[in-house]
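Chain residues, written in single-letter form:
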Amino acid sequence: MKTLRFLTSLAIFFIGSISAQAQELIEIVNSPNSWVNKTIVDQNSNVTEIQFVRMTDEGEELASQQLFSTEEYAEVVWISPLQRLPNGNLMLCYAKRVTDIATFYRVDLNDDLSFSVLQLDWETDDYYDSDRTFYPYNTGVVVNKDGNVIITYPPHSQYHLNGTEAMQFLKFDAEGLLVGQRLMEGFRGQDRHHTLPTPDSLGCRIILRNNGSPKLDCHTLDADLNTIAIKENVEELSWPYQSCRFAYLKTNTANGKTYSINTINYPAYGGNPAIVEDIMMSVFDAENFRQLNYTWGLTTQGEDNGGIRQSIGFDNENRVYMAGEMDRVNEFFNRNLYIACLDENLNKLGEIYHVDDYVYMIKSLGACPEGGCLVSCHKILEATNEAGNCLIKIPKQTFLNIDEAHDAGFAVAIAYPNPGKDVLNIRTALQNAHIEIYNLSGKLVHNQEITDNITTIYMSHLPSGTYIWKVLANGKEAESGKWIKQ
């Protein structure tokens, strides 16, 4: 049974004369029986249109709705991620500039993809001058359980004032009226801010990177936008030489915990040149934003780390999913996919690896409510340069069952570097497992218990040639492959 489904985008994404190659899926939001994709055209250059597409769990299109025309989108300077409203419907916000004045709008999206657009009670020219354009990483939105919406952005007139920064907080009711406003000045930080809900889902939190260090500051505001707590110098990643510039944070409103995902770039920060980049995921508690745990993932992303944005998801059992790309092809592309399922404290439940002939670029991950996840990717066949988009459906059992993982085309252990010289690394999240290595004559040359996510085996005493590695779990072979020693 093939439980892995590549749901490749077809003509439903082709609008007018726009080419298929320009189409990209950038966001997935799941509901119990269907999922919604926000698609964008030519994301990195000439963005022209955005549409919503609703499909069944099997990839059948149910509805499609265009949000902007080409002319309308020419004035849009920011669009938020999709947000879940208290009634279960979806919402996003955007800002549109006309003659240097920016106006905010709210879009409420119904289950059948019909939508309404509401102009919010706010206009500003603070964003713009001749040297600076609107910077979407700095703007955030939170939908609270009472239906109010909080939008935050750093006003340009106050940005980096005397070595500090400012943040504008705007609170709107369901009718779009401004019911709260605050300009918070003089805090430390640099050009990455994260706006998250509070544990009671009535106020908001602003997470700031502390002046280029691997530390975070957390400001918690109540429903009236008053500061009720400040937590400074929080470790984002408990590891030296980490790169925090492109960290992505997401709060699970079911348990109030916040999760951070980031890549580690050792050489750029004076660290170990043998390790290029890995994912680090951290979890922070609800009340005090205190780091509770962290764990390693796997990626070989470029320095823009695009593949880890939107790459955290939660199901109804508070399981956590994260995705990354591995096996770098060149400066921009990676060949294969890494996806992990963890409990809410970041203990790994399963870790799987997808390997084929395509190059993958992750756009987003969405967790299915009942468990498992969907990963949106752009993929390129190296041999022909054929490009397209796909959604990869990964049921919960694929992470938890070796046979299900194999049926779905995933491996549960990988060996690298391959070919290699004196060191062989075996990576797996399997428990009660050990590694056996044989030469081509069938002689066992190494046997070692697995006690960590990555097991390092030193092979300098063995001659060059081809070896067979096997990972056995609970007495049965779980994964095997060839390794070439140069």
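## Focus: the overall build of the chain
On a plain count of helices and strands, the chain comes out with 3 helices and 37 strands. Taking all 486 residues of the chain together, the buried fraction comes to 55%. A separation of at least 24 residues holds for 49% of the contacts in the chain among residues at least 6 apart in sequence. Counting every atom, the chain has about 20,700 Å² of accessible surface; 46% of that belongs to carbon and sulfur.

## Regarding the sheet that holds strand β11 (residues 140–143)
Strand pairing in a sheet takes place through backbone hydrogen bonds and is either antiparallel or parallel in direction. Read from one edge to the other, the open sheet built from 4 strands follows the order β11-β12-β13-β14, with strand pairing classed as antiparallel. With partners counted over all chains shown, the strands left at the sheet margins are β11 and β14 (178–187), one partner each. Adjacent strand axes in the sheet meet at a mean angle of 15 degrees when their direction is disregarded. Two strands pair when backbone bridges link them, and strand β13 (residues 165–172) and β14 are joined in this way by 8 bridges, in the antiparallel orientation. In the strand pairing of β14, Phe172 is matched with Leu178.

## Examining the sheet that holds strand β34 (residues 444–449)
Spatial ordering of the open sheet is given by β34-β33-β36-β37, a layout of 4 strands whose pairing is antiparallel. At either margin of the open sheet sits one strand with a lone partner, and together these are β34 and β37 (476–485). Averaged over neighbouring strand pairs, the angle between their axes works out to 20 degrees when direction is ignored. As paired strands, strand β36 (residues 465–473) and β37 are joined by 9 bridges and run antiparallel to one another.

## Thoughts on the packing of aromatic side chains
The final tally for this structure, using the stated rule, is 10 aromatic pairs. Relative to Phe314, the ring of Tyr259 has its centre 5.1 Å away and its plane inclined at 50 degrees; by these criteria the two rings are tilted. A residue pair is termed long-range when its members are at least 10 positions apart, and Tyr259 in strand β20 (residues 258–265) and Phe314 in strand β23 (residues 312–314) qualify at 55 residues. Positioned over the ring face of Tyr358 is Lys379, at 4.3 Å from the centre of the ring. Lying across the ring of Tyr438, Lys470 places its NZ or CZ 5.1 Å from the centre.

## Some points on unusual backbone geometry
Backbone geometry follows two general trends: most residues other than glycine have a negative phi, and most peptide bonds adopt the trans configuration. Pro417 follows Tyr416 through a cis peptide bond whose omega is -10 degrees. Counting through the fold element by element, Pro417 comes out in the loop between β31 (413–416) and β32 (423–428). Cis peptide bonds are those with omega within 30 degrees of zero, and the linkage from Asn418 to Pro419 qualifies with 5 degrees. Mapped onto the secondary structure, Pro419 falls in the loop between β31 and β32. A positive phi is found at Asn432, a non-glycine position, where the angle reads about 55 degrees. Relative to the assigned elements, Asn432 resides in the loop between β32 and β33 (433–439). When its relative accessible area of 61% is taken as the criterion, Asn432 is described as exposed. Phi at Asn474 is positive, roughly 55 degrees, even though this residue is not glycine.

## Notes on the confidence of the model for the chain
For the chain, the average pLDDT comes to 79, and 77% of its residues sit at 70 or higher. Within the chain, strand β1 (residues 5–8) has the poorest average pLDDT of any element, 43, and β36 the best, 95. Low confidence marks residues 267–275, where pLDDT is under 50. Its contacts with residues over four positions away, or in another chain, come to 13 contacts. Every residue in residues 301–306 is under pLDDT 50, and counting partners more than four places away or in other chains gives 20 contacts.

## Description of the nonpolar core
One recurring pattern in soluble globular proteins is that nonpolar side chains are buried together. Core analysis: the biggest nonpolar cluster contains 39 residues, and Ile339, Ile394 and Val471 have the highest contact counts within it. Counting residues in hydrophobic clusters, the runner-up holds 19 residues, among them Tyr248, Ala340, Leu346 and Ile414.

## Concerning the pairing of strand β25 (residues 334–342)
Counting buried positions over the 9 residues of β25 gives 8, a clear majority of the element. With antiparallel pairing between neighbouring strands as the criterion, β25 and strand β26 (residues 348–354) make up a hairpin whose turn holds 5 residues, including Leu346 at a positive phi of roughly 75 degrees.

## Considerations on the environment of Val283
With respect to the secondary-structure elements, Val283 resides in strand β21 (residues 277–284). Judged by relative accessible area, which is 1%, Val283 ranks as buried. Every residue in contact with Val283, bar those within four places of it in the chain, is listed here: Lys257, Thr258, Tyr259, Arg290, Gln291, Leu292, Asn293, Glu344, Asn345 and Leu346.

## What to know about the side chain of His446
You can see His446 is positioned in strand β34. One polar contact links His446 to Gln448, side chain to side chain, over a distance of 2.7 Å. With residues up to four places along the chain from it excluded, the contact list for His446 reads Ile435, Glu436, Ile437 and Ile457.

## Here's the deal with the pattern of salt bridges
Counted according to the given criterion, the structure contains 9 salt bridges. Residue Asp108 is joined to Arg106 by a salt bridge in which the shortest nitrogen-to-oxygen separation is 2.7 Å. An identical accessibility class is assigned to Asp108 and Arg106; each is buried.

## Brief notes about the environment of Tyr360
When you line up the elements, Tyr360 lands in strand β27 (residues 358–367). Tyr360 gets classed as buried once you look at its relative accessible area, which sits at 0%. Each C-alpha atom of the pair Tyr360 and Asn334 lies 6.1 Å from the other, and the pair is 26 residues apart in sequence.

## Some thoughts on the state of the cysteines
All told, the structure shown has 0 disulfides when counted by the stated rule. Cys341 takes part in no disulfide bond, and the closest cysteine sulfur to it belongs to Cys373, at a distance of 8.0 Å. Unpaired in this structure, Cys377 has its nearest cysteine sulfur neighbour in Cys390, at a distance of 4.8 Å.

## What about the environment of Glu449?
Secondary-structure assignment places Glu449 in strand β34. A relative accessible area of 53% places Glu449 in the exposed class. Leaving out residues up to four positions away in the same chain, Glu449 has contacts with Ala433, His434 and Thr455.

Reading guide: rules and limits
Residues numbered from 1 in each chain as written. Predicted model: local features only at pLDDT ≥ 70, side-chain atom pairs only at ≥ 80, totals over all residues. Heavy atoms only, no water. Helix = DSSP H or I, 4+ residues; strand = E, 2+ residues; numbered from the N terminus. Buried < 20%, exposed > 50% of the residue type's maximum accessible area, 1.4 Å probe, protein only. Contact = heavy atoms within 4.5 Å. Areas by Shrake-Rupley, 256 points an atom, 1.4 Å probe, with all protein chains shown as cover. Pairing = 2+ DSSP bridges. Axes fitted to C-alpha atoms, helices over the stretch in contact; angles between N-to-C directions. Phe/Tyr/Trp six-rings, centres within 6.5 Å; stacked < 30°, edge-to-face > 60°. Lys NZ or Arg CZ within 6 Å of the ring centre and 35° of its normal. pLDDT = per-residue confidence, 0-100. Core = buried A, V, L, I, M, F, W, Y, C linked by side-chain atoms within 4.5 Å. Polar contact = N/O pair within 3.5 Å; in protein donor to acceptor, adjacent residues only side chain to side chain. Salt bridge = Lys/Arg side-chain N within 4 Å of Asp/Glu carboxyl O. Disulfide = S-S within 2.5 Å.

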